[in-house]
Each structure stands twice: as C-alpha cells, then as structure tokens.
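Given next are the chains, with one letter for each unit.
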Amino acid sequence: LLAAPYVGAQANAGIPADVFYLMPEMTQGTLLFKDRNVNGKFNICAVDQTLRFLDEKGVELALDNDGDLQQVNFPDVTFLHAEGAFYRLYPVSDAAYVAVKRDVTVMTDTKSSSYGMTSSTTAVEEIGMVQSDGHLVSFNDARQYPYKMTETAYLYRNGYLVRWNKKNCIKCFPFKKAEIEAWFAEHKKYDETDVQMVL
C-alpha cells in the first residue's frame, strides 16, 4: 500500500525509487483520455507529476501534453489525473473514493532557469531537468539530493475532488453523518497528511 508519511527533509540523501515513482516499476496499464484510451507500460513520477514510459530503445520519456488525460488504470491501482497531479484512488463506496496525492520536493538551492518543450513527448535525459519547489535541478542529480515527501488525503466523488475534512465527508456520505462525527470527535487533531489514519 502506501509508504509511511515522511516528516521534513530526509537525513539520507537520495530519493528511493518507491518514493520517486508511484508504481514499483513500469507497469502495464491504460490511459483514459477524454476521447480515447491508450494501452502500454507506464509509471508516474512524484517529483514533477509526469507520466513516464519507455520508447523502443529503452529511453524513459515523459508525456508532455497530458491536458486531456483523465485517469490511469493499472491492475488493482487507479490514479485520477486532475489539476496537474495524480491522485491514487481508494474506493470507499461504489461512487466515492479517498484520493491520495504524493508530493516530493527536492531539497536544493539550485537557481531556477527556463526551457521550452514543444514535442508531445520529451526524453527525460534530453531535458536533463525536473522542477521541484520552483527550481530546476538535474534529473539525475535530483535522486541524490535530500528530499521531503508528503501524502495528502482528499475525497473524490461524482467528478469532484475536495479536501478531506468533516464537512466534506458529511457532504459525500450524508447517510453516515453520525459515524463521521464520531470519528472526527475521536480524532480531534487529525492530520490530512497522515493518510494511514484516514484509510
């Protein structure tokens, strides 16, 4: 399931693969766009929130134009694509989900610069940079820096993504109002980034 949330910068430098990516490896799945579906092997980078795949030569590519990508389905794992990020969906009922977003920030003071991307796919090693916390850092170097990771719980129902809190929980599950109020009464100091508690 989910890794335990990290607090602050990690003491050991380097981002582990299971933090850097949202799946353990390139995995067979289906991309659901507004007007089509695409099958293939994919992964998702948590640092820059890009969909990754390999070309026929084994070069890792990042999907550059993902504006109409709505969902990524892997066996037993589904990610919603919304607001420029990927949210792992955990079903709560037939139509409602806890949606978990992972944010990974590379802890560096590298100065920001800009670059242009015009193709629909861009080789990661050709760009050579990822953006984190407003800075561009070398893609290869990014895995060597200390980092900070948080996972935040949201609610997703009927096409709407909202913050995870008592008010929104009751709106999503009005027939469970008593149970929700009891849970929040017990967890007065809940933390939406403690996704293990939420799930």
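Anything mentioned here points back to the structure above.
Read on for an overview of the structure. Throughout this description, residue numbers start from 1 for each chain and increase along the sequence as written. It should be noted that, the model being predicted, local features are given only for residues of pLDDT at least 70 and side-chain atom pairs only at 80 or more, the latter also being counted only at that level, while totals for whole chains, interfaces and linings use all residues. The side-chain numbers reported here are obtained from all heavy atoms of the structure, hydrogens and water having been left aside.

1. A word on the pattern of salt bridges
Put simply, a salt bridge is a Lys or Arg side-chain nitrogen that is within 4 Å of an Asp or Glu carboxyl oxygen. Counted according to the given criterion, the structure contains 6 salt bridges. A salt bridge links Asp103 to Lys101; its shortest N-O distance comes to 2.7 Å. Whether a residue is buried, partly exposed or exposed follows from its accessible area with a 1.4 Å probe, protein chains only, as a fraction of its type maximum: under 20%, in between, or over 50%, in that order. A residue is classified by how much of its surface remains accessible, and Lys101, at 14% relative accessible area, is buried. Close ionic contact of Arg102 with Glu151 constitutes a salt bridge, the shortest N to O distance being 2.9 Å. Of this pair, Arg102 sits in strand β8 (residues 96-106) while Glu151 sits in strand β12 (residues 147-157); the two residues are 49 residues apart in sequence, bridging distant segments of the chain. Side by side, Arg102 and Glu151 carry an identical accessibility label, which is buried. Runs of E in the DSSP output that reach at least two residues are strands. Runs of H or I that reach at least four are helices, and both are numbered from the N terminus.

2. Looking at the environment of Arg163
Position of Arg163 among the secondary structure elements: in strand β13 (residues 160-163). In the structure, Arg163 is positioned 11 residues away from Thr152 in sequence and 8.9 Å away in space, judged by C-alpha atoms. Whether two residues are in contact is decided by their heavy atoms: any pair within 4.5 Å suffices. The contact partners of Arg163, leaving out residues within four places of it in the chain, are Thr152, Tyr154, Leu155, Asn168 and Glu192.

3. Examining unusual backbone geometry
Residue Gln49 is not a glycine yet carries a positive backbone phi of 55 degrees. If you trace the backbone, Gln49 turns up in the loop between β2 (37-45) and β3 (50-54). Look at Gln49 and you get buried, because its relative accessible area is 10%. Not every positive phi belongs to a glycine, and Asp76 is a case in point at roughly 70 degrees.

4. Side note on the side chain of Thr50
Mapping Thr50 onto the fold places it in strand β3. Polar contacts, as used here, are pairs of N or O atoms within 3.5 Å; protein pairs need one atom able to donate a hydrogen and one able to accept it. Residues neighboring in sequence count only if both atoms are side-chain atoms. Here the side chain of Thr50 touches Arg52 through a polar contact of 2.7 Å, side chain to side chain. Ignoring sequence-local partners within four residues, the contact set of Thr50 consists of Asn43, Ile44, Cys45, Ala62 and Phe86.

5. Overview of the nonpolar core
Buried Ala, Val, Leu, Ile, Met, Phe, Trp, Tyr and Cys residues that are joined via side-chain atoms within 4.5 Å together make up what is termed a nonpolar core. Within the largest apolar cluster, 27 residues are counted, with the highest numbers of intra-cluster contacts made by Ile15, Leu51, Val72, Phe74, Phe79, Phe86 and Val104. Those residues in contact with Phe79, other than ones at most four positions away along the chain, are Leu22, Met23, Ile44, Gln70, Gln71, Val72, Phe74, Phe86, Tyr87 and Arg88. Counting 14 residues, the second largest nonpolar core, distinct from the first, contains Val98, Val100, Leu155 and Phe184.

6. Let's talk about the pairing of β3
Counting buried residues along β3, 4 of its 5 residues qualify, which places the element largely inside the surrounding structure. Note on pairing: two strands pair once DSSP finds at least 2 bridges between them. Bridge count between β2 and β3: 3 bridges; the pairing is antiparallel. Paired with Asn43 across the strands is Arg52, a residue of β3. Bridging between β3 and strand β4 (residues 60-63) involves 3 bridges; their strand directions are antiparallel. By the bridge assignment for β4, Arg52 is matched with Ala62. Once β3 ends, the chain turns through 5 residues before running back antiparallel as β4, passing Gly58 with a positive phi of about 85 degrees.

7. Thoughts on the packing of aromatic side chains
Two aromatic rings, drawn from Phe, Tyr or Trp (for Trp, its six-membered ring), form a pair once their centres lie within 6.5 Å of each other, and the interplanar angle then sorts them: stacked below 30 degrees, edge-to-face above 60, tilted otherwise. Evaluation of the coordinates by the stated rule reveals 8 aromatic pairs. On the basis of an interplanar angle of 75 degrees and a centroid distance of 4.9 Å, the ring pair of Trp183 and Phe184 is categorised as edge-to-face. The exposure class assigned to Trp183 is partly exposed, which follows from its relative accessible area of 23%. A cation over an aromatic ring shows up here: Arg36 above the ring of Phe33, its NZ or CZ 4.0 Å from the ring centre. In this scheme, the term charge over a ring applies when either NZ of a lysine or CZ of an arginine sits within 6 Å of the ring centre and within 35 degrees of the ring normal.

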